[in-house]
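So the chains spell out like this:
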Amino acid sequence: MASILDEYEDSLNTRQHSRLSNANIGITHSGFVNVRLEEEKPIFNKQRIDFTPPERINHLAVCNNQLCMSLGKDTLLRIDLAKPDQPNQIELGRKDESKVHKLFLDPTGSHLLICLSTSECLYLNRNTQKVRSLSRWRGHLIESVGWNKQLGNETNTGPVLVGTSQGIIFEAEISATEGSLFNTNPDQYFRQVHSLEEDGKPAPVCCLEVERGGSENKYFIIATTRKRLFQFVGKLAEGSEQQGFSSIFSQNQDLLPSFQEFPANMGYSEITFYTPKLRNSPKSFGWMMGNGVLYGQLDYVRPDSLLSDVQVWEYTPDIDISLDKPISIVLTQFHFLLLLHDRVKAICTLNGQEVYEDVFPDKFGTLKKMIKDPVGGLVWIYTERAVFRYHIQREARDVWQMYMSMTKFDLAKEYCRDRPECMDMVLAKEAEHCFQNKRYIDSAKCYALTQNYFEEIALKFIEAKQEEALKEFLLKKLNHLKQSERTQITLLVTWLAELYLNSLGQLESDGNSVIFQETREEFREFLSSSKHKECLYNNRTTIYDLLASHGNVDDMVYFSVVMQDYERVISHYCQHDDYSAALDVLSKHCNEKLFYKFSPVLMQHIPKKVVDAWIQMGKRLDPKKLIPALMNYSQMGSTQQISETIRYMEFCVYELTVTEEAIHNYLLSLYAKYKPDSLLWYLEQAGTHPSEIHYDLKYALRLCAENGYLQACVLVYRIMELYEEAVDLALQVDVDLAKSCADLPEDDEELRKKLWLKIARHVVQEEKDVKKAMNCLSSCNLLKIEDILPFFPDFVTIDHFKEAICSSLEEYNQHIEELKQEMEEATESAKRIREDIQEMRNKYGVVDSQEKCASCDFPLLNRPFYLFLCGHMFHYDCLFQEVTPHLTPLKQSRLEELQKKLAATTQTSKSRHRPAPKDEGDTASLGKGNAGTSREQIKSDMDDIIASECVYCGELMIKSIDKPFIDPKKFEEEKSSWL
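1. Digging into the overall build of the chain
For step 1, the next point in the chain: If you tally the helices and strands in the chain, you get 33 helices and 35 strands.
For step 2, the next point in the chain: Counting only residues that meet the buried cut, the chain has 44% of its 979 residues in that class.
For step 3, the next point in the chain: Counting every atom, the chain has about 54,200 Å² of accessible surface; 49% of that belongs to carbon and sulfur.

Below is the structure:
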């Protein structure tokens, strides 16, 4: 018993597969290689359990990996398939002749009902060893149980439905927990809720199923008799599920047929359901009855019937219900299995074809029952002496072929999604089907996804004269090509462009404007596709040629824009005299090179708009590169072109503040030729110093001279600082202008006087205006009456100059008086200075013998020293060291030079004379004669440098306030000395 599920042996009827042969390898028309490198296991793989029962097997039930079987008369065997080596054997302890009629195991595998032939029922829970009798069930032979999948658990079944051999449907509930002292029965209640009949007589309830589903959470109850299938649908009030299903049977059933009936009767029927793994409610059903198998889908939404897509599979001639009745039925996803007394048949629910038959040898005995574990998915079959089970492996492997043969291509593709070779066959079949039914566009879409030969498909559409379908095929094919397949992409893109152009031409000639516009939009979308932009760009010349050959100018312009070939677009507009459109393209894309290239043409026809565009571009354009176009049309163009040229040059100069000389020279020439009123204003605001000027002064002078603008020439001369030429030219225009020029050389009085003399000569000799000449004297303080008298003719009387001469004499007298006054003040100042010097010579200070140097703090009288009026006293050498760092480099070098001279003078004096004693507070005389005088002068010069003021109280100390106490160069050395 311990090895009940440890070892398996393959069924004797397992299909044998031949070795790999040439037929298994081949290259299909689709381009896929179909190779099977190992034998494929069958869908239904039978395995016999290595188990020999000690007694004959009467009944078997399995659910949720819990297997229960009735052996002999009084033995029950329970096996947890997760622990097959730990079987559990229980004795029922029946003394009478009763036999086990049926076993019922709930979906959780926890509750087992043992129905006896004596109309009794026993209950056994998975967690106990004690078999308990259901007293309320006594007297009823149980044929079916409808378990409650929503409320059932390991200890309680919840409300369940029970069908009897008398056609009565009871509602009951079983609890595994011990009851009260007076109620120890596990059955909580047992009450009748409905009864079923056939031909006016009670009929056994062969099967019961309770499901809940749909958006409204309705309850669906299916009950079958020998010939009839009943449906009961209803809703339970919220929270009343525990009260049972009696209200559903009493609800109005007008919208649903009460039952479906078939004529044949084989004494019993069986219904089975298939529930997908990810769903809680069954998806399909199969009902085995006398006329065959009724199978279909369960639709929880339909109001008229739960059953949909119903079909009847009639028994084949080898199944005679009078002699060889089918025993059981099991439903899988795409098949239902029929159990006969010696074999199992598998019928595909998609086409009703028998796809599998497995004959059992006689040595195992007659087949008794077939059960499917709804949780584990395994199918179990048993005889009196053996147990088998079927593994269902990859049941959907060939479903795609059936759907394909049924022309249900969407479902076929769904079931071969992970098998590209099968998907290709389905797509090819679908494409062929659509082609035969003249659905050419759909056919093209499918063909594009296949691996069929490209040329064959293309020729097929060409022969059928289906250009739209061919175009669709090429488009789909193009979208599935990789970027590395450049040659194929180029071929398809070019072909598609030709097809689009042919179609557009045909539609235009037919006058179908709506479809024409739609096709054009589609074509333009194709041309602007980002996926194929590289290919279109590399082959744009070919596309241009195609567009030109068809005369499709509009699309050629559009394609040029897409390719950013704006030069071609603008050239096209210019050739067709649509200059505004050309300028719009230029302005939109702001390409500087194109502006430089096309501005000459556009300036000739729409100068104002062009200049507006230039101004909008601002600094992105180089005005110097636009000058050729401007000069071309400013010389031979209209007044508007010239005025727009000036407007743009003014924008460059005044708004963009361009400083290039060529721009300013060109604007200057335009002003000189066409707008002289602005010339002088421009020159005046351009600046008065050559460094501020951006135009060529010599060019401006020549331009103004050629056009006779004398005032402008004067202004240029002034800027060039050619004041004599400016005055000479200004005298031809206006004396006041000349006067303004004569005052400009402020630093050169001689030149100013010369210029004013020119003005005076001009006034006297040319204008002969004595009053103006006199005004010149008052305007310039450098001119005197005697300077201009030579310019007057001899016949001029003195009366004209009387006032000027008197005024001049008065000025001379006043000047003489001022000089006298200055001399007297100078004499007085010299006298006071001499008195101060004499006073200083007599001034002295008293120094105590204990006084110390303010710098070194040593006795002061030990060495030569200085005494300042502030009271500070320094040794000579200490003062020298204190002052020297604060002196300028020039004074330091001067001081070194004086020291050298003093040293040389001292050496010479020592060689001639003996040293003399020093006076207190001063040094001794260094000698007599020139040597002494020189030495005293040197010392005096040194005193002026180092002793001009007290180093602590004077200006040197104030200037050194921002200097660090420690020289930065010696900071590190000083810092390290403190460590």
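After presenting the structure, the write-up continues.
2. Let's talk about the packing of helix H18 (residues 639-655) against helix H19 (residues 661-674)
For step 1, the next point in the chain: Closest axis-to-axis distance for the H18/H19 pair is 10 Å, and the angle between their directions is 140°. On the basis of their axis angle, the class for H18 and H19 is oblique. Judged by the sense of rotation from one axis to the other, the crossing of H18 with H19 is left-handed. Side by side, H18 and H19 meet where Ile642, Thr645, Ile646, Met649, Glu650, Cys652, Val653 and Tyr654 of the first sit next to Ile663, His664, Tyr666, Leu667, Leu670, Tyr671 and Tyr674 of the second.
For step 2, the next point in the chain: Of the residues that constitute the contact of H18 with H19, the class distribution is 12 nonpolar, two polar and one charged.

3. A word on the pattern of salt bridges
For step 1, the next point in the chain: Going through the model one piece at a time under the given rule, you end up with 41 salt bridges.
For step 2, the next point in the chain: Among the salt bridges present, the one from aspartate 555 reaches arginine 520, with a minimum N-O distance of 3.5 Å. Taken together, the positions of aspartate 555 in helix H12 (residues 553-562) and arginine 520 in helix H9 (residues 513-527) put the pair 35 residues apart, joining distant regions of the chain.
For step 3, the next point in the chain: Through salt bridges with shared partners, a single network forms among Asp318, Asp342, Arg343, Lys345, Glu354 and Glu357.

4. Section: helix H15 (residues 592-605)
For step 1, the next point in the chain: With 14 residues, H15 ought to run about 20 Å at 1.5 Å a step, and its terminal C-alpha atoms sit 20 Å apart, in line with that.
For step 2, the next point in the chain: The largest bend in H15 amounts to roughly 50° and is located at serine 599, with the proline proline 600 lying one to four residues further along.
For step 3, the next point in the chain: Taken residue by residue, H15 has Leu594, Phe595, Tyr596, Phe598, Ser599, Leu602 and Met603 as its buried positions.

5. Thoughts on the nonpolar core
General note: in soluble globular proteins, nonpolar side chains tend to be found buried as a group.
For step 1, the next point in the chain: Counting 73 residues, the largest nonpolar core has Leu602, Trp614, Tyr648, Met649, Leu683 and Tyr695 as the members making the most contacts within it.
For step 2, the next point in the chain: What leucine 602 contacts, discounting residues up to four positions off in sequence, is Cys574, Tyr579, Ala582, Leu583, Leu586, Pro607 and Val610.
For step 3, the next point in the chain: In this structure, Phe435, Ile457, Leu492 and Phe516 belong to the second largest nonpolar core, which totals 42 residues.

6. Let's talk about a negative patch on the surface
For step 1, the next point in the chain: Taken together, the side chains of Glu818, Glu822, Glu824 and Glu825 define an acidic patch exposed on the protein surface.
For step 2, the next point in the chain: As for its position among the elements, glutamate 824 is in helix H28 (residues 802-841).
For step 3, the next point in the chain: Exposure remark for glutamate 824: the relative accessible area of 52% places this residue in the exposed category.

7. Here we look at helix H8 (residues 486-510)
For step 1, the next point in the chain: In a regular helix each residue adds 1.5 Å, so 25 residues correspond to 36 Å; H8 covers 36 Å between its end C-alpha atoms and thus fits that length.
For step 2, the next point in the chain: For H8, the set of buried residues is Ile489, Leu492, Val493, Leu496, Ala497, Leu499, Tyr500, Leu501, Ser503, Leu504 and Leu507.
For step 3, the next point in the chain: Structurally, H8 contributes buried residues whose contacts are with helix H6 (454-463), helix H7 (467-479), H9, helix H10 (533-538), helix H11 (540-549) and H12.

Cut-off values and rules
- Residues numbered from 1 in each chain as written.
- Predicted model: local features only at pLDDT ≥ 70, side-chain atom pairs only at ≥ 80, totals over all residues.
- Heavy atoms only, no water.
- Helix = DSSP H or I, 4+ residues; strand = E, 2+ residues; numbered from the N terminus.
- Buried < 20%, exposed > 50% of the residue type's maximum accessible area, 1.4 Å probe, protein only.
- Areas by Shrake-Rupley, 256 points an atom, 1.4 Å probe, with all protein chains shown as cover.
- Axes fitted to C-alpha atoms, helices over the stretch in contact; angles between N-to-C directions.
- Parallel < 35°, antiparallel > 145°, perpendicular 65-115°, else oblique.
- Left-handed = near helix turned anticlockwise from the far one by under 90°.
- Contact = heavy atoms within 4.5 Å.
- Nonpolar A, V, L, I, M, F, W, Y, C, P; charged D, E, K, R; others polar.
- Salt bridge = Lys/Arg side-chain N within 4 Å of Asp/Glu carboxyl O.
- Expected span 1.5 Å × (residues − 1).
- Bend = angle between axes of the 7 residues up to and from the residue.
- Core = buried A, V, L, I, M, F, W, Y, C linked by side-chain atoms within 4.5 Å.
- Patch = residues over 30% accessible without salt bridge, like charges linked within 9 Å, V, L, I, M, F, W, Y side chains within 5 Å.
- Lys, Arg positive; Asp, Glu negative; His and termini not counted.
- Charge placed at Lys NZ, Arg CZ, Asp CG, Glu CD.

On their own, these measurements won't tell you what the molecule is for.
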